[in-house]
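# Tertiary structure, described
The lines below spell out each chain.
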Amino acid sequence: MKDMTLKQLQKAIKKIDGVTIGDSKMSDRYFMKFIEEVGELSECIRKDKRMLNNDIKGTIEEELYDVLYYIICLANIYDIDLQNSIFLKEELNSKKYNRKSICDDFE
């Protein structure tokens, strides 16, 4: 299996999705799709539908990716670097919860 960073995934989705930065109509659509996918994920979790033999259809694994996909689409519309946001938010969280940052090993 190949490794892919969040930055690479975000760039790849932007390339195939053809988003226009600041398109509020598309952001509404993506947000609604995101909510729909969260609902589908909830159902899969409730039914404990896990992937077997690489058959991802109708599983928690599939729905987790769908949720992530629409989060990335929203980030792309707003021209947000998710990878950078993770480091910035984790810095705040580590101070707020008085703990080591999960990002310390990646700087």
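Residues numbered from 1 in each chain as written. Predicted model: local features only at pLDDT ≥ 70, side-chain atom pairs only at ≥ 80, totals over all residues. Heavy atoms only, no water.

### Examining helix α2 (residues 24-46)
What counts here: Numbered from the N terminus, helices here are DSSP runs of H or I no shorter than four residues, and strands are runs of E no shorter than two. By this rule the span expected of a helix is its residue count minus one, scaled by 1.5 Å. Relative accessibility thresholds used throughout: buried, under 20% of the residue-type maximum; exposed, over 50%; partly exposed, between the two (1.4 Å probe, protein chains only).
A rise of 1.5 Å per residue sets the reference length of α2, with its 23 residues, at 33 Å; its end C-alpha atoms lie 33 Å apart and thus fit the reference within 8%. Within the span of α2, buried status applies to Ser27, Tyr30, Phe34, Glu37, Leu41 and Cys44. Positive backbone phi, at 50 degrees, marks Asp48, one or two positions downstream of α2.

### Some points on the packing of helix α1 (residues 6-17) against helix α4 (residues 82-96)
Applied cut-off: In this description, a line fitted to the C-alpha atoms serves as the axis of each element, helices being fitted only across the stretch in contact, and the angle between N-to-C directions of two axes falls anywhere from 0 to 180 degrees. Contacts between residues were defined by any pair of non-hydrogen atoms, one from each residue, lying within 4.5 Å. Classes in brief: Ala, Val, Leu, Ile, Met, Phe, Trp, Tyr, Cys and Pro nonpolar; Asp, Glu, Lys and Arg charged; the others, Gly included, polar.
Between α1 and α4, whose axes approach to 8 Å, the crossing angle comes to 140 degrees. Contacts from Leu6, Lys7 and Gln10 of α1 reach α4 at Leu82, Gln83 and Ile86. Taken together, the residues of the contact of α1 with α4 sort by class into three nonpolar, two polar and one charged.

### Some points on the nonpolar core
The condition is simple: What we call a nonpolar core is a set of buried Ala, Val, Leu, Ile, Met, Phe, Trp, Tyr and Cys residues that are connected through their side-chain atoms within 4.5 Å.
Core analysis: the biggest nonpolar cluster contains 17 residues, and Ile13, Tyr30, Tyr69, Tyr70, Ile72 and Cys73 have the highest contact counts within it. Only α1, α2 and α3 (60-77) provide two or more residues apiece to this core. Looking at this core element by element, the count peaks at nine residues for α3. Ignoring any residue separated from it by four or fewer positions in sequence, one finds Tyr70 in contact with Tyr30, Lys33, Phe34 and Glu37.

### A word on the packing of aromatic side chains
The line we're drawing: Any two of the Phe, Tyr and Trp rings considered here, Trp counted by its six-membered ring, make a pair once their centres fall within 6.5 Å; the pair's planes then place it as stacked at under 30 degrees, edge-to-face at over 60, or tilted in between.
Summed over the entire model, instances satisfying the criterion amount to four aromatic pairs. A centroid spacing of 6.0 Å and a plane angle of 40 degrees characterise the contact between Phe31 and Phe34, whose relative ring orientation is tilted. On the criterion of helical spacing, the pair formed by Phe31 and Phe34 is a turn pair, its members being three residues apart in helix α2. Given a relative accessible area of 42%, Phe31 falls into the partly exposed group. One aromatic cluster is present, built from ring pairs that chain together Tyr30, Tyr65, Tyr69 and Tyr70.

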